[in-house]
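Close look at the chain arrangement
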Amino acid sequence: MTRLLHTAVALDGVGWHPAAWRDDADNARRLHDADYWLELALLTERGHIDLLTIDDTLALQSEGYGVIEPRTDRVRGRIDAVLLASRIAPLTTHIGFVPTVVTTHTEPFHVAKAIATLDFVSTGRAGVRLKVGASQQEARLVGRRTFPPFDLDSLDDPAVQATLREVFQEAADFTEVLHRLWDSWEDGAEIRDTATGRFVDREKLHYIDFSGEWFSVKGPLTVPRPPQGQPIVSVLGHGTDPYRLGALGSDLLYVTPRDAEHAVGIVDEIRWIEESVHRLRPRSRVLADVVVVLGDTEREAADRLARLDELAGEPLSSDALVFTGTATQLADLVESWEPTGINGVRFRPATNLHDLPRLVRDVVPELQRRGIQREGYAGRTLRENLGLARPSSRYAVQEAS
Amino acid sequence: MTTGDRPLKQVRLGAHFPGVNNTTVWSDPASGSHIDFSSFAHLARTAEAAKLDFFFLAEGLRLREKKGLIHDLDVVGRPDTLPVLAALAAVTEHLGLIGTIKATFNEPYELARQFATLDHLSGGRAGWNVVTSSDAFTGENFRRGGYLDYADRYSRAGELIDVARKLWDSWAPDDIVADADAGRFVGRPDVGAFAHHGRHFDVEGQFSVARSPQEQPVLLQAGDSSDGRDFGARYADGIFTLVRPFEEAQAYYTELKDRAEGFGRSRDDLLILPGATFALGDTAEEAEHHAAQIRQQQVSGQTAIQFLELVWKRDLSAYDPDGPLPEVEPDLESESLVKGQARHSQDPLAQVKQWRELAEAKALSIRDLVIEVSGRQTFVGTPSSVAEQINHRVQHDAADGFILVPHITPSGFDDFAAQVVPELQDRGVFRTEYTGGTLRENLGLSPLASRPAASTHPHLQGAS
């Protein structure tokens, strides 16, 4: 019997193909406008997709890692993903919002506050994707720390390795602080007791007293416990460091299998790491990323990709599998991943203009027909839609035991 | 009413979401959630229907404490400023969206990016109330830690705004070309390029957000020291200040406008906007009664005791709030019992002496006294009278307008919107339709391009 898989759509610019904007210049001019993103969210919501991720980084977009190429033919400029999600969430009903936050250069207290607030304005549909930012260029924008320059060829350099270790360890601390802060108000802390004049029961507010190498945070959060208790934390990973970060404290992991066999290996590694860190929370939901180029025929899809590649001046290179084909073929691919232990898929539309409507119109009904995707939204919160229970505050648990 | 031959000034009005001081009444059955988005949306929609200039939201970065414990007598907790303002942009079209963000616990790149984003997401309605802080108590929640030397507060904040302005200015209006046929998305490869090497910040690179509709958010400032006033006069578009007695307010108004001129700016480009409270009634007597009722609600017995403890610096919890003032003297050695809240007290002994005399003369209990001295509402009266009081202060240069603070959420502004605003409109001093496309335009501020550069003034010169 097949299981239901979770579905997500990843948004970045007007699509994941670097030439996507060439077919969609009108929308590419609207990338700083809320209405463009609202249209995408409402469309995706019609496909009963669990959540939208919104990519972000502090730095201007660039092609090479950490190197900003002086070119003019690619999309440049983007707005803050957390605020964007807050802007469109109140105008949607079901879909979850998972904006990207860079842990390396931000304040965990500010981020905890912002995501808790996104949870309030979306009435329980907030998450966050945590991302490290080890590039020298990004560090220079903020000016608080310096990193050695590196690119994909120098990843084995000891100094680069040390930097990466540092930013991932820091991200793990960051995750811990987020969870403690979201737990720092127990449910029901607001009592409004007119007899004693007390607005809150301060026994239910807790200092988190986190002290670490990169930051110390006293708490409690200034925002009460959000509707989901803990908004959904997620990480994109291609190897052990991010898998470990995910195992330590996230609910969702996006991974990039090349095929079903690779997917099995990835899930095995993640489960093994989860055991080795004595993970207490439910196992991570593991979603497989796939870049999607759809056509009415396989040939049409291949031609579309070839044309986009030609416009871009080079073949599409992606960390994730690039799928070209029909809606039925994409459903076949997703179905083939079902026995691997993967819990779902995150679609990256090559172009939002062409591929997102086809995902909703053609792929989703096919997945639903096969019993892989549910027919509608299961719950009211993102956590419910992901089948994750609402956790109690750790501080309440400690006192009860 | 005019002053001389001058045309009538237009009144500027903002609606302040009720905060976490005892002025906000939570015990009333009509008091709703201070957290749910629906409460924010209600006030913003009410303000927009009344054609107000802006919605205003304050910030909290650490829960207040008294006597080493989290203060529990007033509203505790509030959502994060910027995401709430972004969400409000979804349910309003014209209303300005101004939020307090402390300059101390943020880096300029991220803040500039967030405000540029809010300006895009709201179609040019973003505003930033810049507040500084050096307090180690709040710093315990942040990377940079607790301490910023008092003297550095404004120099860091000034340099932070200098950097932010470089970032906001780093994209030209026509940088995004999106010419698909020519394959050119941007007109030049170095969009957003900036560099700043200063005392507080050493940053460079390319800013990632294209130029926003207003280019820069409207800036307010709310510090009242001499440094704070200079900072406001140099950088801000508006000053969020206290309501003062009429002549004092006129003197303050003139002083701030003079300071702005000293920085080479037009007097009209710095708005003086005191925060004001109000109580309405169909008759003057009803309004007075309503005002007294609100003050009763604002000062519970427990609140009154804590109010005295700020001055006595002693535990007074054994005293009956409905009884006479404590006979014990203030503890002059003790440290302040309050953290996370600004309170300036004069000499405690003189203060206590004055209060005892007042309590004796009027036979006041502790609670009565606190209600008496913690101040009546700024504007009390019929809608017509309140409109006249507001207009009088504006036309006589004691203010350019007010940031109105209701005592209750979410409905605390409803009556003002329905009853006082039409009175102002009838007097021809408040808009009946929005005419500007941006907050800056609606506030009557001159376009940025027409302004002389203020950054050459030597007094507060930050870094290059």
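Please read these numbers as outputs of a predicted model, since none were measured by experiment. (Residues numbered from 1 in each chain as written. Chains lettered and ligands numbered in written order. Predicted model: local features only at pLDDT ≥ 70, side-chain atom pairs only at ≥ 80, totals over all residues. Heavy atoms only, no water.)

1. Quick look at the packing of aromatic side chains
- Applying the stated criterion to the full structure yields 21 aromatic pairs over all chains.
- Between the aromatic rings of Phe199 of chain A and Trp26 of chain B, the centroid separation amounts to 5.5 Å while the plane-to-plane angle is 65°, which identifies the pairing as edge-to-face. Taken together, the positions of Phe199 of chain A in strand β6 (residues 198-200) and Trp26 of chain B in the loop between β1 (12-16) and α1 (37-49) put the pair across two chains.
- Judged by its relative accessible area of 0%, Phe199 of chain A falls in the buried class.
- Site record: aromatic cluster; members linked through ring pairs are Phe109 of chain A together with Phe105 and Phe142 of chain B.
- Seen from the ring of Tyr254 of chain A, Arg346 of chain A lies directly overhead, with NZ or CZ sitting 4.2 Å from the centre.
- In this structure, Arg348 of chain A packs its charged tip against the face of Trp16 of chain A, placed 4.6 Å from the ring centre. (Phe/Tyr/Trp six-rings, centres within 6.5 Å; stacked < 30°, edge-to-face > 60°. Helix = DSSP H or I, 4+ residues; strand = E, 2+ residues; numbered from the N terminus. Buried < 20%, exposed > 50% of the residue type's maximum accessible area, 1.4 Å probe, protein only. Lys NZ or Arg CZ within 6 Å of the ring centre and 35° of its normal.)

2. With respect to the interface of chain A and chain B
- On the side of chain B, 75 residues touch chain A, which itself brings 75 residues to the contact.
- Carbon and sulfur atoms supply 60% of the area buried between chain A and chain B, which totals about 6300 Å² over both sides.
- Between the two partners, chain A and chain B, sit seven salt bridges.
- Where Asp80 of chain A meets Arg113 of chain B, a salt bridge forms, and the shortest distance between an N and an O atom there is 3.7 Å. (Contact = heavy atoms within 4.5 Å. Buried area = accessible area lost by both parts, 1.4 Å probe. Salt bridge = Lys/Arg side-chain N within 4 Å of Asp/Glu carboxyl O.)

3. What about the environment of Gln250 of chain B?
- Position of Gln250 of chain B among the secondary structure elements: in helix α7 (residues 246-262).
- Through-space distance from the C-alpha of Gln250 of chain B to that of Ala86 of chain B is 36 Å; in sequence the pair is 164 residues apart.

4. Comments concerning the nonpolar core
- With 191 residues, the main nonpolar core has Phe347 of chain A together with Phe55 and Phe416 of chain B as its most contacted residues.
- Beyond its immediate chain neighbours, meaning those up to four positions away, Phe55 of chain B contacts Ala15, Phe17, Phe40, Leu43, Ala44, Leu85, Leu88, Leu95, Gly96, Leu97 and Ile98 of chain B.
- Core analysis: the second largest hydrophobic core is formed by 17 residues, Val299, Ile305, Val352 and Ala359 of chain B among them. (Core = buried A, V, L, I, M, F, W, Y, C linked by side-chain atoms within 4.5 Å.)

5. A look at the packing of helix α7 (residues 240-249) of chain A against helix α8 (residues 260-276) of chain A
All names here are of chain A.
- Two elements in contact, α7 and α8, have axes whose closest approach is 9 Å; the angle formed by their N-to-C orientations is 50°. Between α7 and α8, the angle falls in the class oblique. Between α7 and α8 the crossing geometry is right-handed. Residues Thr240, Tyr243, Arg244 and Ala247 of α7 form the contact with α8, whose participating residues are Ile266, Glu269, Ile270, Ile273 and Glu274.
- Residues that form the contact of α7 with α8 fall into these classes: five nonpolar, one polar and three charged. (Axes fitted to C-alpha atoms, helices over the stretch in contact; angles between N-to-C directions. Parallel < 35°, antiparallel > 145°, perpendicular 65-115°, else oblique. Left-handed = near helix turned anticlockwise from the far one by under 90°. Nonpolar A, V, L, I, M, F, W, Y, C, P; charged D, E, K, R; others polar.)

6. Let's talk about the confidence of the model for chain B
Residues and elements named next belong to chain B.
- Summarising the model, chain B shows a mean pLDDT of 91, and 93% of its residues fall at 70 or more.
- Contacts from residues 453-464, a stretch scored under 50 in pLDDT, to residues over four places away or in other chains number 23 contacts.
- Per the prediction output, this complex has pTM 0.95; the corresponding ipTM is 0.97. (pLDDT = per-residue confidence, 0-100.)

7. Digging into helix α13 (residues 414-426) of chain B
Residue and element names in this part refer to chain B.
- Compared with the 18 Å implied by 1.5 Å per residue over 13 residues, the 18 Å span of α13 between its first and last C-alpha is a close match.
- At Val420, α13 shows its maximal kink, close to 30°; a proline, Pro422, follows between one and four residues later.
- Of all the positions in α13, only Phe416, Ala417, Val420, Val421 and Leu424 are classed as buried.
- Buried residues along α13 sit against β1, α1, β14 (278-280), α12 (383-395) and β17 (401-404).
- Directly after α13, the chain includes Gly428, whose backbone phi takes a positive value near 75°. (Expected span 1.5 Å × (residues − 1). Bend = angle between axes of the 7 residues up to and from the residue.)

8. Describing the pattern of salt bridges
Residues and elements named next belong to chain A.
- Under the criterion given, the structure shown has 74 salt bridges over all chains.
- Arg394 is the salt-bridge partner of Asp183, the closest N and O atoms lying 2.8 Å from each other. Of the two residues, Asp183 is situated in helix α6 (residues 158-183) and Arg394 in helix α13 (residues 394-400); the sequence distance between them amounts to 211 residues.
- Among the salt bridges present, the one from Asp303 reaches Arg299, with a minimum N-O distance of 3.3 Å. Separated by four residues within a single helix, Asp303 and Arg299 lie in helix α9 (residues 298-312), roughly one turn from each other.
- A relative accessible area of 38% means that Asp303 is categorised as partly exposed.

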